Amino acid sequence: MADRRRTPVNDRIAAAHLRDAPDGLLRAEGTAARIGVPVADLLRAPDGARDRQLVYGEPVTVYEDRDGWAFLQAAKDSYVGYVPGPSLTAPFEATHWVSAPATHAYTADDFKSPETHALSHGSRVQVLGGTGRFLETTLGFIPAHHLSPLGAHADDPVTVAELFLGTPYLWGGNSRFGIDCSGLVQAALLACGTPCPGDSDMQEAELGGPAPAGDYRRGDLLFWKGHVALVRDAETLIHANAHDMAVAIEPIAAAIERIAAQGDGPVTAHKRLG
């Protein structure tokens, strides 16, 4: 996603919300909120193009709510954009996150009971109690083994990325219901407690350091213009890509050859996380 550069947050807030501020004031007070729907598109403008997505329970700061649209900043990566106002809910104390690829909340602690919500990996919920197969949350009952305590991290980003195998490719997607290349990398790294920006150009600029040419190790990142993939081993990588229209595993050599042949150029960086 190298062509979707994030506008500096202060300038964006000033331009969009402080047009009439005296003396070029570049400050805005925000209001805490959380995403209150399973997946919310983060738009470039009201009714505009999708830049990224946010999943249930993600914390945000709202700078303006006008005409049904909220302009906000995501806590996880400082990305800014617009979501419909009804997509937000009041702040709550999240205790757990969805560490399974996806899950459902049910009306009772019984898998035969009606489901109330479908939640993607990375969603944050508040657990109220329960010690058996289900934990009671403010949304309903969620299978206990689909949740991890907030602050408990995965160990391996590639293993997290593999949870998304077969997920449909979606430009700007950030959920198990649809994801793109940089969304997959961000989900994998955030699950492991590693800060990660939202777009591939920012990921290339900010993550890791150069790796020796041809020395492919699990967890390395390969970048092309507008694309990123995670190395699984010396021979294969995993990425969300428009060729398969899904998250898929592909031989490294074949991916490099195919991407060059389709006109998107060579690998621009091979990065290794510390």
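For the structure, see preceding data.
A short tour of the structure in this document, coming up. (Residues numbered from 1 in each chain as written. Predicted model: local features only at pLDDT ≥ 70, side-chain atom pairs only at ≥ 80, totals over all residues. Heavy atoms only, no water.)

### Focus: the sheet that holds strand β20 (residues 227-231)
Read from one edge of the open sheet, six strands run β18-β23-β19-β20-β21-β22, paired in antiparallel fashion. Whereas interior strands pair on both sides, the edge strands pair on one side only; in this sheet they are β18 (209-210) and β22 (246-251). On top of the sheet, helix α3 (residues 181-191) reaches β19 (221-224), β20, β21 (236-241) and β22; it is set at about 40° to β20, its chief contact. (Pairing = 2+ DSSP bridges. Helix = DSSP H or I, 4+ residues; strand = E, 2+ residues; numbered from the N terminus. Contact = heavy atoms within 4.5 Å. Axes fitted to C-alpha atoms, helices over the stretch in contact; angles between N-to-C directions.)

### Points about the pattern of salt bridges
Throughout the structure, instances matching the rule amount to 13 salt bridges. Linking Glu64 and Arg66 is a salt bridge whose minimum nitrogen-to-oxygen distance equals 2.5 Å. Taking relative accessible area as the criterion, Glu64 reaches 17% and is therefore assigned buried. Exposure remark for Arg66: the relative accessible area of 44% places this residue in the partly exposed category. (Salt bridge = Lys/Arg side-chain N within 4 Å of Asp/Glu carboxyl O. Buried < 20%, exposed > 50% of the residue type's maximum accessible area, 1.4 Å probe, protein only.)

### Here's the deal with the pairing of strand β4 (residues 59-66)
Bridge analysis of strand β1 (residues 31-35) against β4 gives four bridges, and the strand direction is antiparallel. Pairing of Ala33 across the sheet is with Val60, part of β4. In sequence, β4 turns back onto strand β5 (residues 69-74) through a hairpin of two residues, with Asp67 there showing a positive phi of about 55°.

### With respect to the pairing of strand β23 (residues 269-272)
With burial as the criterion, each face of β23 is covered, one bearing Ala269 and Lys271 and the other bearing His270 and Arg272. Sheet topology places β18 next to β23; two bridges connect them, and they run antiparallel. Residue pairing in the sheet places Pro210 in a bridge with Lys271 of β23.

### Looking at the packing of aromatic side chains
Overall, the coordinates contain three aromatic pairs when judged by the stated rule. Ring geometry for Tyr106 against Phe134: centres 6.0 Å apart, planes inclined by 90°, an arrangement best described as edge-to-face. With Tyr106 in strand β9 (residues 102-106) and Phe134 in strand β13 (residues 134-137), the pair connects residues that are 28 residues apart, well separated along the chain. (Phe/Tyr/Trp six-rings, centres within 6.5 Å; stacked < 30°, edge-to-face > 60°.)

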